[in-house]
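What follows is the residue order along each chain.
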Amino acid sequence: MSLEVRIKKRFSSFTLDVDFTAKDETLGFLGASGCGKSLTLRCIAGVETPDEGRIVVNGRVFFDSEAGVNLSPQQRKTGLLFQNYMLFPNLTVAENVAAGLGRDVSKERMKELVAAELKRFGLEGFGDRYPAQLSGGQQQRVALARMLAAKPDVLMLDEPFSALDAHLRGVLEQSMAGVFASFEGTVLYVSHDIDEALRFCDRVAVVESGRIVETVSGDELVTNPKTAAGLKLSGCKNVTPAVKLDEHGVWLPKWGVSLEVEGGVPDDMTSCGVRARFIERAEGPGLNCFRMRVDRVSDSRFERTLLLGFVDRDDRDAPAVEANEDEMKYLHQHLIWRVSKPMGSTDEVSALPERGDELWMYIPPHRVHLVK
């Protein structure tokens, strides 16, 4: 199984320009909203037409601008699952699943295939119901059953869990993992959630402003991102512009501090990042140790997130601002730190840092990411 995509599509303020190949694997597309992830899938499915380029699936040309080839969506053997599932409201569950089959399939064979897919997704007994009578999770399973009944050459899913609650998402993710494992072909999976991409995808393509800026395994993206977009999408909360000082030092103008880093500083480095969970408490001054003030605190179930301001920052490149002056500039001058909440007594929780506290914090040199 193989997929080759090299396409461009221009808009007034945005150009999609992607070039990638995929084999018998699950390839994730990770990126912010509006970066071109969904548009890429729609071009492959034939819902959108590129301005130029070529799309080939398993040796069959779907689109070739130079050769004048542009197969209709019906002629392309692709399965595309949208965020809202796109079920036909006036058809029953069984009829929706059958809608994915070709007209050349006999009624008896169609009945067998529909029954097999309903069983696969635990929908026996739901065949006569209509989409409005189903839960969100059941509608998703019907949409998947319809897709797989058509035996597509490439399976494409566009943020399929975005409309589901956390519990249902967890249950259906396990079912989805089984579908991917049994599917013989290429799976393209669009997401903006790094954990979701790690659970499903063999490789992850980081998409920014219509281009793929790096394609790596999920683990590589987390441990060794190459771009600022990849670093941010991997879940790093502290990403800031950086300027090379020397072979082992960088200046961070928005934070107003300099950092020592492990290894050499690349000449093309433009940003620096450190993950919130790798920041440590310090006893006092020292290498990469900073006096910081807790400016904001927020709690979740198992951790406390703190917004830390650099007390002794150098304002030469970015004068300090207050939240009521410019909220975004204010946030960008801070460091985010996360600390686990004790599961014991109330006294242990009350011992956590509070707003207004001053702390000495340490950023380990080997935990600093430098990217372009």
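Residues numbered from 1 in each chain as written. Predicted model: local features only at pLDDT ≥ 70, side-chain atom pairs only at ≥ 80, totals over all residues. Heavy atoms only, no water.

### Some points on the sheet that holds strand E1 (residues 3-10)
The condition that has to hold: For two strands to be treated as a pair, DSSP must find no fewer than two bridges joining them. Secondary structure elements follow DSSP: runs of H or I of four or more residues count as helices, runs of E of two or more count as strands, with numbering from the N terminus. It only takes one pair of heavy atoms within 4.5 Å for two residues to be counted as in contact. A fitted line through C-alpha atoms represents every axis, and for helices the fit uses only the stretch in contact; the resulting angles, taken between N-to-C directions, go from 0 to 180 degrees.
Read from one edge to the other, the open sheet built from 5 strands follows the order E2-E1-E4-E5-E6, with strand pairing classed as antiparallel. Pairing within the sheet leaves two strands with one partner each, and these edge strands are strand E2 (15-22) and strand E6 (69-70). Looking at chain direction, strand E4 (residues 52-57) and strand E5 (residues 60-64) are connected through 4 bridges and run antiparallel. When the bridges of E5 are listed, valine 57 appears paired with arginine 60. In this fold helix H1 (residues 37-45) packs onto E1, E2, E4 and E5, with an angle of close to 70° to the strand it touches most, E2.

### Details of the nonpolar core
Keep this limit in mind: Throughout this description, the term nonpolar core refers to a set of buried Ala, Val, Leu, Ile, Met, Phe, Trp, Tyr and Cys residues connected via side-chain atoms within 4.5 Å. To sort residues, take the accessible area from a 1.4 Å probe on protein chains only and compare it with the maximum for the residue type: under 20% means buried, over 50% means exposed, and anything in between is partly exposed.
Ranked by size, the top nonpolar core spans 42 residues in total, and within it Leu155, Leu157 and Phe180 carry the most contacts. The contacts of leucine 155, once residues within four sequence positions are left out, are Gly79, Met147, Leu148, Val179, Phe180, Phe183, Thr186, Val187 and Leu188. By size, the runner-up hydrophobic cluster in this structure holds 29 residues, among which are Ile7, Leu16, Ile44 and Ala45.

### Thoughts on helix H3 (residues 107-120)
This is how it is decided: To estimate the expected span of a helix, subtract one from its residue number and multiply by 1.5 Å.
In this model H3 runs 20 Å from its N-terminal to its C-terminal C-alpha over 14 residues, within 8% of the 20 Å that 1.5 Å per residue would give. Against the buried residues of H3 lie helix H2 (93-98) and helix H4 (136-149). One or two residues past the end of H3 sits glycine 122, with phi positive at roughly 65°.

### Looking at the packing of aromatic side chains
Stated formally: Centres within 6.5 Å are what make two rings of Phe, Tyr or Trp a pair, Trp counting through its six-membered ring; a difference in plane orientation under 30 degrees is then read as stacked, over 60 as edge-to-face, and the rest as tilted.
Under the defined criterion, the tally for this structure stands at 5 aromatic pairs. For the pair phenylalanine 11 and phenylalanine 14, a centre-to-centre distance of 6.2 Å together with 40° between the ring planes defines the contact as tilted. Look at phenylalanine 11 and you get partly exposed, because its relative accessible area is 40%. Their ring planes at 80° and their centres at 5.6 Å tell us that phenylalanine 290 and phenylalanine 310 sit as a pair that is edge-to-face.

### Digging into the confidence of the model for the chain
Worth spelling out the cut-off: Note: pLDDT gives the predictor's confidence per residue, expressed from 0 to 100.
In the predicted model, the chain carries a mean pLDDT of 91, and the fraction of residues at 70 or more is 96%. Averaged pLDDT values for the elements of the chain fall to 65 in helix H10 (residues 346-350) and rise to 98 in strand E14 (residues 249-252).

### A short note on the sheet that holds strand E3 (residues 26-30)
Here we have 6 strands laid out as an open sheet, ordered E7-E8-E9-E3-E10-E11, and mixed in their pairing. The open sheet terminates on both sides in strands that have one partner only, identified here as strand E7 (78-81) and strand E11 (211-216). Taking each pair of neighbouring strands and ignoring which way they run, the sheet shows an average axis angle of 20°. Pairing of strand E10 (residues 203-208) with E11 involves 5 bridges; the strand directions are antiparallel.

### Some thoughts on the environment of leucine 198
Here leucine 198 lies in helix H6 (residues 194-200). Between the C-alpha atom of leucine 198 and that of serine 234, which follows or precedes it by 36 residues, the distance is 9.8 Å. With residues near it in sequence (within four places) discarded, leucine 198 still touches Gly218, Asp219 and Val222.

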